Amino acid sequence: MNKGAKGVTVLVVVILLALTLSLGLYFGLKAREVPAYSFERAAIATDAGRCSEIGRDILRQNASAVDAVIASLLCVGLMNTHSMGIGGGFFMTIYNAQTGEVETINSREVAPANASRDMFINTTDEASRKGYNFTSDSVSSPEQRALTYHRIVEAFKFAYAKRSMMGDPLFVNMTELISNMTSEYFAARLWSKITDNTTHPIPYYEPEFYTTEDHGTAHLSLVAEDGSAVSATSTINLYFGSKVRSSKNGIIFNNEMDDFSSPGILNGFDVLPSPANFIMPGKTPLSSMCPAIILDKNRSVKMVVGASGGTKITTATALVIMNVLWFNYNVKKAVTEPRVHHQLFPNVTQVEEAMEKAVQEGLQERHHTLKMITKLSSGGVVQAIVRDEGKWFAESDYRKGGKPAGY
């Protein structure tokens with residue numbers, strides 16, 4: 001391996017996390033033994049099959065991609081009330097194939113005008129492949145997969161070490177931070193610290209502070225007949241949000257204020273909260289949501305992807321993107337493949353039970369402390385669409401029981 005190569009693997013993960021200013025009713029599921037879903041003209045993937053069908057039907061009426069997404073979001077708010085609804089907020093990424101323009105909509109909630117920093121005190125204790133040059137060969141054997149997942153986990157840990165330095169850009173100056181995190185120099189420095197034979201204690205990754213986690217979320221991906229695409233993630237934060245329902249219209253209110261940090265309130269690992277994420281009137285709390293659209297060199301949509309699942313959103317999304325673009329998996333395998341997750345605090349590597357034993361042992365040999373993800377729906381739920389051989393291949397993550405639709 002060329003040590004002079006840049007750690008773009010690290011860079012990709014860091015960018016995904018840097019760009020994200022962030023189940024109750026879930027049930028155990030097994031991977032569906034069904035063929036991949038493919039569609040000639042349009043596709044939509046949600047975590048509720050009926051809602052995918054509604055989005056498809058709206059598209060067939062010559063509606064826009066955004067119209068269809070809104071219809072599907074309203075449906076998911078009814079089908080998965082515990083995860084999202086019009087009482088919450090969302091991030092939406094939109095690609096207009098007619099103009100080539102990309103638009104993002106930040107519909108996240110903001111702190112109310114009377115909110116204060118201390119209000120909760122005492123209330124509760126296709127990319128460059130330099131660097132590792134990941135290809136299908138990187139996952140060609142159990143030994144290679146173990147090494148590859150180790151390197152990915154280490155990248156996750158470095159990324160989460162920097163995540164808590166982020167906050168609402170209207171309140172926190174992140175110009176230098178973002179410039180560093182998206183530079184090849186920064187990536188190369190972190191890449192050089194990844195050792196193939198062992199993981200490291202938390203201080204090695206130079207963390208700043210701990211940030212909170214969200215839970216109840218839903219994502220959908222859509223591609224319209226004209227090639228336009230929408231990737232949208234919506235949430236009411238925790239399961240059933242604030243657990244308060246409007247007596248007039250039945251809307252379940254969110255509890256996004258829980259996404260802020262508060263001074264003096266330590267997390268379960270005695271780590272200080274993040275000042276960049278302290279409460280201020282009108283401020284938006286951090287979120288893990290990262291709805292993504294990936295274009296090819298001709299500026300045509302290659303992939304639409306995103307996830308739900310709290311802090312696992314970013315790592316699950318990153319892994320599925322790597323599976324498709326670097327490891328050459330089809331979208332079904334990319335989404336259903338067992339996953340790993342690490343968010344630095346706590347210093348444990350979470351692994352889905354279906355991960356092959358040889359890979360688990362390879363991680364343990366590198367001194368990872370493993371924790372099994374026994375409830376699939378808590379491991380990140382991805383909805384993805386990929387263009388391949390002139391068709392749209394869509395996959396709704398079996399971890400939540402969704403189903404794509406299209407025509």
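Residues numbered from 1 in each chain as written. Predicted model: local features only at pLDDT ≥ 70, side-chain atom pairs only at ≥ 80, totals over all residues. Heavy atoms only, no water.

1. Some points on the pairing of strand E10 (residues 349–352)
Residue alternation in E10 divides its side chains into two sets, Thr349 and Val351 and Gln350 and Glu352, and both sets are buried. Both strand E9 (residues 340–341) and E10 contribute to a ladder of two bridges, which runs antiparallel. The residue bridging His341 from the neighbouring strand is Gln350, located in E10. In terms of strand pairing, E10 meets strand E11 (residues 370–373) through four bridges, oriented parallel. (Buried < 20%, exposed > 50% of the residue type's maximum accessible area, 1.4 Å probe, protein only. Helix = DSSP H or I, 4+ residues; strand = E, 2+ residues; numbered from the N terminus. Pairing = 2+ DSSP bridges.)

2. As for the sheet that holds E9
Read across the open sheet, the three strands follow the order E9-E10-E11; overall the sheet is mixed. Pairing within the sheet leaves two strands with one partner each, and these edge strands are E9 and E11.

3. Notes on the side chain of Lys157
In this structure, Lys157 sits in helix H4 (residues 142–163). The charged side chain of Lys157 is buried without a salt bridge, its nearest counter-charge being Glu154 at 4.0 Å. Setting aside residues no more than four positions away along its own chain, Lys157 makes contact with Thr199, His200, Tyr205, His342, Leu344 and Asn347. (Lys, Arg positive; Asp, Glu negative; His and termini not counted. Salt bridge = Lys/Arg side-chain N within 4 Å of Asp/Glu carboxyl O. Contact = heavy atoms within 4.5 Å.)

4. Concerning the packing of aromatic side chains
Under the criterion given, the structure shown has eight aromatic pairs. Measuring from ring centre to ring centre gives 5.8 Å for Phe134 and Phe327, while their planes differ by 50°; the resulting arrangement is tilted. In this pair, Phe134 is assigned in the loop between strand E4 (101–106) and H4 and Phe327 in the loop between helix H7 (312–325) and helix H8 (331–336), connecting sequence segments 193 residues apart. A relative accessible area of 1% places Phe134 in the buried class. Sitting over the face of the ring of Trp392, Arg387 holds its NZ or CZ atom 4.6 Å from the ring centroid. (Phe/Tyr/Trp six-rings, centres within 6.5 Å; stacked < 30°, edge-to-face > 60°. Lys NZ or Arg CZ within 6 Å of the ring centre and 35° of its normal.)

5. Digging into the pattern of salt bridges
If you walk through the whole model with that rule in mind, you get 18 salt bridges. Notably, a salt bridge pairs Arg50 with Glu53, separated by 3.1 Å at the nearest N-O pair. Of this pair, Arg50 and Glu53 are both found in helix H2 (residues 49–60), three residues apart, which corresponds to roughly one turn of the helix. Residue classification places Arg50 among the partly exposed residues on the basis of a relative accessible area of 43%. For Glu53, a relative accessible area of 27% gives the class partly exposed. A salt bridge links Glu206 to Lys162; the nearest nitrogen and oxygen atoms lie 3.9 Å apart. A residue pair is termed long-range when its members are at least 10 positions apart, and Glu206 in the loop between helix H6 (184–193) and strand E5 (216–223) and Lys162 in helix H4 qualify at 44 residues.

Everything listed is a geometric property; what it means functionally is a separate question.
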